[in-house]
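Now for the letters of each chain:
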Amino acid sequence: MPTEPAQLVLTVFELTLLLAGVILVVRLLAQATVRTRWLKPGSLPFWPVTLPEFFIFVFLIFGLGAFCSLALHALLKDAVTGAADSDVLEVCLNGVGLDGGGLVGWLIFPALRRHLHADYGAAPSPEPSAAPALPWSKALLFGAGTLLVALPVITVSSLGWTFLLRELGLPDEPQELLAIFSKARSPFVIAGMLAVACGLAPVYEELLFRGGLFRFCRQRLGRNWALLLSGCLFGAMHQNLMSFLPLSIFGVILALAYEATGSIRVAVIAHALFNLNTILIVLSGLQQ
């Protein structure tokens, strides 16, 4: 039970979010017009990428991410090792390298394709044009709504999945990353942690899993396979059995939001808010 004032306030806040999310889910399921708008297949910009080019895309993102991470560790190893919050700084450094390097790979890929194809961008799109870009106000609103819908679904799936793991005698420990984050004490380290978890990571992961993997699989394998594969790989990427199913479901919800709105910003905002909410719970000690 929460005992500290901050924990009590956060508990009320989390319960309010869950209640709001339940109301949105009920509305989504009960009203046919709303359900059709958010769950039917939507129009996304066609991505004229071949299978070999997609593998190059993945290699660029992971390869540059790994290279930047190793380079940062080599440059700053001594400074990080001697710091008070060395474990948290190590995670932040790894995040900056992997996510930052991956974003550089994302930017390089179109330039590489332009070099490989003289007629780059000239081929007609076989899919309908996507809807006009959402203004930031609506992107923020839809991103927050996506998070609210996701929270009760993730909570229920997490409880059921944890129960199943325990019944099967499988590991049900939370991500080690959360335990490391809970040790952060310096406000500067916490600020860096928030910047990586709520800034770099959501942009990197949404461009990779929704803007890249989901869109490519949707065009090649169909919508259902695209939702399943992108969601499961998103859950598996976090390398924790306890969080695999809840995060996979969250990945599917993010893909549906991206498809329904045609804006990757909606998925990025929802993802960033989810990470922020998780960090607040961890830092307050409420997770315990």
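Engineer: What should I look at first to understand the overall build of the protein chain in this one?
Structural biologist: The number of helices and strands found in the protein chain is 10 helices and 0 strands. Each helix and strand of the protein chain, ordered N terminal to C terminal, gives the series α-α-α-α-α-α-α-α-α-α. For 288 residues, the compact-globule formula gives about 19 Å, and the C-alpha radius of gyration of the protein chain, at 20 Å, lands near that figure. Structurally, the protein chain occupies a C-alpha span of about 60 × 55 × 40 Å along its principal axes. Counting the 288 residues in the protein chain, one finds 40% classified as buried. Taking as baseline every contact in the protein chain between residues at least 6 positions apart, the subset at least 24 positions apart corresponds to 81%. Of the roughly 15500 Å² of accessible surface on the protein chain, a fraction of 71% belongs to carbon and sulfur atoms.

Engineer: Honestly, the state of the cysteines in this entry has me stumped. Any pointers?
Structural biologist: Two cysteines whose sulfur atoms are joined by a covalent bond form what is called a disulfide. Evaluated as defined, the whole model comprises 0 disulfides. This cysteine, Cys198, is not joined by any disulfide, and Cys92 carries the nearest cysteine sulfur, 11 Å off.

Engineer: In this structure, what is going on with helix 1 (residues 5-30)? I would like to understand it.
Structural biologist: Because each turn of an α-helix spans 3.6 residues, side chains separated by three or four positions end up pointing in the same direction. The end-to-end C-alpha separation of helix 1 is 38 Å, in line with the 38 Å expected for 26 residues at 1.5 Å each. For helix 1, the full list of buried residues reads Gln7, Leu10, Glu14, Leu17, Gly21, Val25 and Leu28. As for helix 1, its buried residues are in contact with helix 2 (32-39), helix 5 (136-168) and helix 10 (264-284).

Engineer: Is there a simple way to think about unusual backbone geometry in this case?
Structural biologist: In terms of backbone geometry, most residues other than glycine have negative phi values and most peptide bonds are trans. One non-glycine residue, Gln239, lies in the positive phi region at around 55 degrees. Note on placement: Gln239 falls in the loop between helix 8 (223-237) and helix 9 (241-261). The exposed category is assigned to Gln239, whose relative accessible area is 73%.

Engineer: Please explain the packing of aromatic side chains as it appears in this structure.
Structural biologist: The description of an aromatic ring pair rests on the distance of the ring centres and on the angle between the ring planes. Summed over all chains, the structure comprises 11 aromatic pairs. Measuring from ring centre to ring centre gives 5.3 Å for Trp47 and Phe57, while their planes differ by 85 degrees; the resulting arrangement is edge-to-face. Of this pair, Trp47 sits in the loop between helix 2 and helix 3 (51-81) while Phe57 is found in helix 3, placing the two residues 10 residues apart along the sequence. On the basis of an interplanar angle of 70 degrees and a centroid distance of 5.4 Å, the ring pair of Phe57 and Trp106 is categorised as edge-to-face.

Engineer: Explain the nonpolar core here, please?
Structural biologist: Considering soluble globular proteins, one finds that nonpolar side chains tend to be buried as a cluster. Of all hydrophobic cores here, the largest spans 36 residues; its most connected members are Trp47, Phe54, Phe57, Phe214, Phe250 and Phe274. Residue assignment for this core shows that the elements contributing at least two residues are helix 3, helix 4 (86-116), helix 5, helix 7 (187-221), helix 8, helix 9 and helix 10. Per-element accounting of this core gives the leading share, 8 residues, to helix 7. In contact with Phe214, not counting residues within four places along its chain, are Leu44, Phe209, Arg223, Ala226, Leu227, Ser230, Ala255, Tyr258 and Glu259. One finds Val91, Ala184, Ile190 and Val196 within the second-largest nonpolar core, a separate group that totals 14 residues.

Engineer: Just to check I follow, could you spell out a nonpolar patch on the surface for this structure?
Structural biologist: A surface patch of nonpolar side chains, about 480 Å² in accessible area, is lined by Leu221, Trp225, Leu228, Leu229 and Leu233. Broken down by element, the nonpolar patch gets its largest block of residues, 4 residues, from helix 8. As for its placement among the helices and strands, Leu221 is situated in helix 7.

Engineer: Help me out: how do you make sense of the packing of helix 1 against helix 2 in this one?
Structural biologist: Relative placement of two packed helices is described by the angle separating their axes and the distance separating the axes. At a minimum axis distance of 5 Å, the contact between helix 1 and helix 2 shows a crossing angle of 100 degrees. The orientation of helix 1 relative to helix 2 falls into the category roughly perpendicular. Contacts between helix 1 and helix 2 involve Arg27, Leu28, Leu29 and Ala30 on the former and, on the latter, Ala32, Val34, Arg35 and Trp38. Looking at the contact of helix 1 with helix 2 residue by residue, the classes come out as 6 nonpolar, no polar and 2 charged.

Calculation criteria
- Residues numbered from 1 in each chain as written.
- Predicted model: local features only at pLDDT ≥ 70, side-chain atom pairs only at ≥ 80, totals over all residues.
- Heavy atoms only, no water.
- Helix = DSSP H or I, 4+ residues; strand = E, 2+ residues; numbered from the N terminus.
- Rg over C-alpha atoms; globule rule 2.2 N^0.38 Å.
- Buried < 20%, exposed > 50% of the residue type's maximum accessible area, 1.4 Å probe, protein only.
- Contact = heavy atoms within 4.5 Å.
- Areas by Shrake-Rupley, 256 points an atom, 1.4 Å probe, with all protein chains shown as cover.
- Disulfide = S-S within 2.5 Å.
- Expected span 1.5 Å × (residues − 1).
- Phe/Tyr/Trp six-rings, centres within 6.5 Å; stacked < 30°, edge-to-face > 60°.
- Core = buried A, V, L, I, M, F, W, Y, C linked by side-chain atoms within 4.5 Å.
- Patch = residues over 30% accessible without salt bridge, like charges linked within 9 Å, V, L, I, M, F, W, Y side chains within 5 Å.
- Salt bridge = Lys/Arg side-chain N within 4 Å of Asp/Glu carboxyl O.
- Axes fitted to C-alpha atoms, helices over the stretch in contact; angles between N-to-C directions.
- Parallel < 35°, antiparallel > 145°, perpendicular 65-115°, else oblique.
- Nonpolar A, V, L, I, M, F, W, Y, C, P; charged D, E, K, R; others polar.

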